[in-house]
Amino acid sequence: MPRYTSYPTAPHFHDGVQEATYRDWLAALESTVPLSLYFHVPFCAEMCSFCGCHTKIVNRYEPVARYLETLEAEVDLVASALPGRFDAAFVHWGGGSPTMLGGDDWRRIHDHFHRAFSIGGDAEMAVELDPRTATQDYIRALAGAGVNRVSLGVQDFNDDVQVAIRRVQPFAMTAQVVAWLRDEGIDAINFDLMYGLPHQTVDIVLASIDQAISLKPSRIALFGYAHVPWMKSYQKLIDEAALPDAMARFAQAEAAAGALEAAGYRRIGLDHFARADDTLVRAQDAGLLRRNFQGYTADEASTLLGFGTSAIGALPQGYVQNDPDMRPYGAAIAAGRLPTRRGVALSDDDRLRRDVIERLMCDMTVDLDAVLRGHGMPLDTLDADMDGLEPLVSDGILQIAGRRIDITPTGRPFARIAAATFDAYLASSRGRHAIAV
Ligand code: SF4
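Residues numbered from 1 in each chain as written. Predicted model: local features only at pLDDT ≥ 70, side-chain atom pairs only at ≥ 80, totals over all residues. Heavy atoms only, no water.

J.: I tried to follow the packing of helix 2 (residues 62–81) against helix 3 (residues 103–116) on my own but got confused; where do I start?
T.: Packed helix pairs are characterised by how far apart their axes lie and by the angle those axes make with each other. It is the contact of helix 2 with helix 3, at a shortest axis distance of 10 Å, that shows an interaxial angle of 10°. Compared by their axis directions, helix 2 and helix 3 come out roughly parallel. Every residue of helix 3 that contacts helix 2 at Leu68, Glu72, Val75, Asp76 and Ala79 is listed here: Asp105, Arg108, Ile109, His112, Phe113 and Ala116. Tallied by class, the residues present in the contact of helix 2 with helix 3 amount to 6 nonpolar, 1 polar and 4 charged. (Axes fitted to C-alpha atoms, helices over the stretch in contact; angles between N-to-C directions. Helix = DSSP H or I, 4+ residues; strand = E, 2+ residues; numbered from the N terminus. Parallel < 35°, antiparallel > 145°, perpendicular 65-115°, else oblique. Contact = heavy atoms within 4.5 Å. Nonpolar A, V, L, I, M, F, W, Y, C, P; charged D, E, K, R; others polar.)

Here you go:
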């Protein structure tokens, strides 16, 4: 079941969208509208066996340095394809592991990007950080480059679980990195935690939640481990006998959510939790919560430009994705071409369904009449899709009043099933809900 970080979802991108289309879309952007920028670093120092990311292990800095030069060249190419100089309100570095970059490179890249875009002091500069390789000097370099939000990969603090997923990262190490971040004035700290990992039980998950809460992160993302060894070969290293079954996963997710809410964290969408002072809570209260490739976000920019291998951009006209392979990606940029591999142009129907799906995924409710009016569409446009919701009403996942759909508190884990009902690309969007947990 898709996670709906985009609509249409990435499997429906196609190679009919290439560089020429992306250049047309860039040229048509309004330079008064701020951008969101995403930079992908496809390298890690060692492979965690649970990983589902697009990354490669390197043990020398030379490929990283070469990649950064290419990334800078890509930024210049895209900036020169834009009709003017744009503000960037949100900047996000993900991977892989951006912690692979050297401290000096952060300073140089910071200067380079400031030449290409106007990145104001109030912009959110977010970086994913691997506590195992972060040093105090490195964190100083991040702060010096203007980074003001950091996401730490944690997963679980239990020793047995960490060994089973080949990511040994003791609690003291994470606590030290959090202290260094706060020393440098970076207090917007996210933790990524997981349930459904090998050897996890409800008690182990709850112990990790307690330890996480003791460090007072501003956000916690709680993801279910997706075991897909036929797609991610490193996952073959995970002992399948040690994986919790579907019921155990559900119990872990619900227990963790309950503990976080009891500790004062607000539940955001499907799998995020935030302190009352976090921007996600303010966005949710204002009805402005959004969903993008990083999950839930307060980022209001209507255009996201993606840089680096496999990076996805979301423009008003549609989605574009860069080549995921290093060689063609680098060759395109060296030849002065944008490395667009595929994408999809949005139809009016796509835009309508994207809004309905985003509101369901973010707010757990949607007023279809309001969305249809906003799109200038007849109010009965989605009536046939509404018929598909009946089994979810019978199962207590939804309540429907007129054309208003509310996902019930117990139905929240199944929000993706409700969203899928409006997915015109999904061949079978009427499946039973157990597969989405
Ligand atoms: S989980 Fe993160 S650090 Fe580990 S291999 Fe994947 S991207 Fe790299």
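J.: Quick question: what am I supposed to make of unusual backbone geometry here?
T.: Most peptide bonds take the trans form, and the phi angle of most residues other than glycine is negative. The linkage connecting tyrosine 7 with the following residue, proline 8, adopts the cis geometry, with an omega of -5°. Backbone geometry places tyrosine 4, a non-glycine residue, at a positive phi of 50°. As for its position among the elements, tyrosine 4 is in the segment before helix 1 (19–27). A relative accessible area of 4% means that tyrosine 4 is categorised as buried. Of note, glutamine 155 is a non-glycine position whose phi angle comes to about 70°, a positive value. Residue placement: glutamine 155 occurs in strand 6 (residues 149–155). Taking relative accessible area as the criterion, glutamine 155 reaches 6% and is therefore assigned buried. (Buried < 20%, exposed > 50% of the residue type's maximum accessible area, 1.4 Å probe, protein only.)

J.: Looking at this structure, I do not really get the domain arrangement of the chain. What am I missing?
T.: Frequently, the measure chosen for interface size is the accessible area that the parts lose on association. With domains assigned, the chain is organised as domain 1 (10–303) and domain 2 (348–436). With 13 residues of domain 1 in contact, the opposing surface of domain 2 contributes 11 residues. Summed over both sides, the interface between domain 1 and domain 2 buries roughly 1100 Å², with carbon and sulfur atoms accounting for 59% of that surface. Considering only the side of domain 1, the residues that lose the most area to domain 2 are His12, Leu270 and Arg291, jointly responsible for 43% of the buried surface there. For the pair domain 1 and domain 2, the number of links is 1 salt bridge. Linking domain 1 to domain 2 there are 5 residue pairs in polar contact (both at pLDDT 80 or more). Broken down by secondary-structure element, the contributors of at least two residues to the side of domain 1 that touches domain 2 are helix 8 (246–262), strand 9 (266–268) and strand 11 (290–292). Among the residues forming the side of domain 1 that touches domain 2, the class breakdown is 5 nonpolar, 4 polar and 4 charged. (Domains from an automatic or database assignment. Buried area = accessible area lost by both parts, 1.4 Å probe. Salt bridge = Lys/Arg side-chain N within 4 Å of Asp/Glu carboxyl O. Polar contact = N/O pair within 3.5 Å; in protein donor to acceptor, adjacent residues only side chain to side chain.)

J.: Looking at this structure, I do not really get the nonpolar core. What am I missing?
T.: Where a protein is soluble and globular, its nonpolar side chains tend to be buried together. In this structure, Leu26, Trp93, Phe117, Leu152 and Leu305 are the most contacted members of the largest nonpolar core, which totals 77 residues. Sorting elements by how many residues they give to this core places helix 2 first, with 9 residues. In this structure, tryptophan 93 is in contact with Tyr38, Phe39, Val41, Leu71, Pro98, Leu101, Trp106, Ile109, Phe113, Ala126, Val127 and Glu128, ignoring residues within four places of it in sequence. The next biggest cluster of nonpolar side chains, apart from the first, holds 37 residues, and it includes Val356, Cys362, Ala415 and Phe422. (Core = buried A, V, L, I, M, F, W, Y, C linked by side-chain atoms within 4.5 Å.)

J.: Before we go on, may I ask you to explain helix 3 in this structure?
T.: Residues spaced three or four apart along an α-helix face the same direction, because each turn holds 3.6 residues. Compared with an ideal rise of 1.5 Å per residue, which puts 14 residues at 20 Å, helix 3 spans 21 Å between its outermost C-alpha atoms and is within 8% of the ideal. Where helix 3 is buried, its residues touch strand 1 (35–41), helix 2, strand 4 (88–95), strand 5 (124–129) and helix 4 (136–144). (Expected span 1.5 Å × (residues − 1).)

J.: Honestly, the sheet that holds strand 19 (residues 404–407) in this entry has me stumped. Any pointers?
T.: Hydrogen bonds between backbone groups are what pair the strands of a sheet, and the pairing can be parallel or antiparallel. The strand order across the open sheet built from 3 strands is 17-19-18, with neighbouring strands paired in antiparallel fashion. In this open sheet, the two edge strands, each paired with only one partner strand, are strand 17 (365–367) and strand 18 (398–401). Neighbour-to-neighbour, the strand axes of this sheet turn through a mean angle of 10°, independent of strand direction. As defined by bridge partners, strand 18 adjoins strand 19 across 4 bridges and the pair is classed as antiparallel. (Pairing = 2+ DSSP bridges.)

J.: What exactly am I supposed to notice about the packing of aromatic side chains here?
T.: When we look at a pair of aromatic rings, we describe it by the centre distance and by the angle of the planes. For the coordinates displayed, the defined rule picks out 13 aromatic pairs. Judged by centre distance (5.7 Å) and plane angle (75°), the rings of tyrosine 7 and tyrosine 425 are edge-to-face. With a gap of 418 residues between them, tyrosine 7 in the segment before helix 1 and tyrosine 425 in the segment after helix 15 (415–420) connect regions that are remote in the sequence. Here tyrosine 425 falls in the partly exposed class, since its relative accessible area comes to 31%. With 6.2 Å between their ring centres and 20° between their planes, phenylalanine 250 and phenylalanine 414 make a pair best called stacked. Note that phenylalanine 250 is positioned in helix 8 and phenylalanine 414 in the loop between strand 19 and helix 15, a separation of 164 residues in sequence. When its relative accessible area of 27% is taken as the criterion, phenylalanine 250 is described as partly exposed. The class for phenylalanine 414 is buried, based on a relative accessible area of 10%. (Phe/Tyr/Trp six-rings, centres within 6.5 Å; stacked < 30°, edge-to-face > 60°.)

J.: Could you clarify how one ought to interpret the layout of surface pockets in this entry?
T.: Any space left empty among the atoms is revealed by the rolling of a water-sized probe across them. Quantified by volume, the second largest pocket comes out at close to 430 Å³. Around the second largest pocket, the lining comprises 24 residues; the ones closest to its centre are Arg290, Arg291, Tyr319, Arg354 and Glu358. Of all the secondary-structure elements, those providing two or more residues to the lining of the second largest pocket are strand 11, strand 13 (303–307), strand 14 (312–315) and helix 11 (348–363). Looking at the lining of the second largest pocket, the element that brings in the most residues is helix 11, giving 5 residues. Split into classes, the residues belonging to the lining of the second largest pocket amount to 10 nonpolar, 7 polar and 7 charged. Summarising the domain contributions, the lining of the second largest pocket has at least three residues from each of domain 1 (10–303) and domain 2 (348–436). (1 Å grid on protein atoms, 1.4 Å probe; cavity = no way out; pocket = protein on both sides within 12 Å on 5 of 7 lines; lining within 4 Å. Points joined across faces, edges and corners; volume = space filled by probe spheres on them.)

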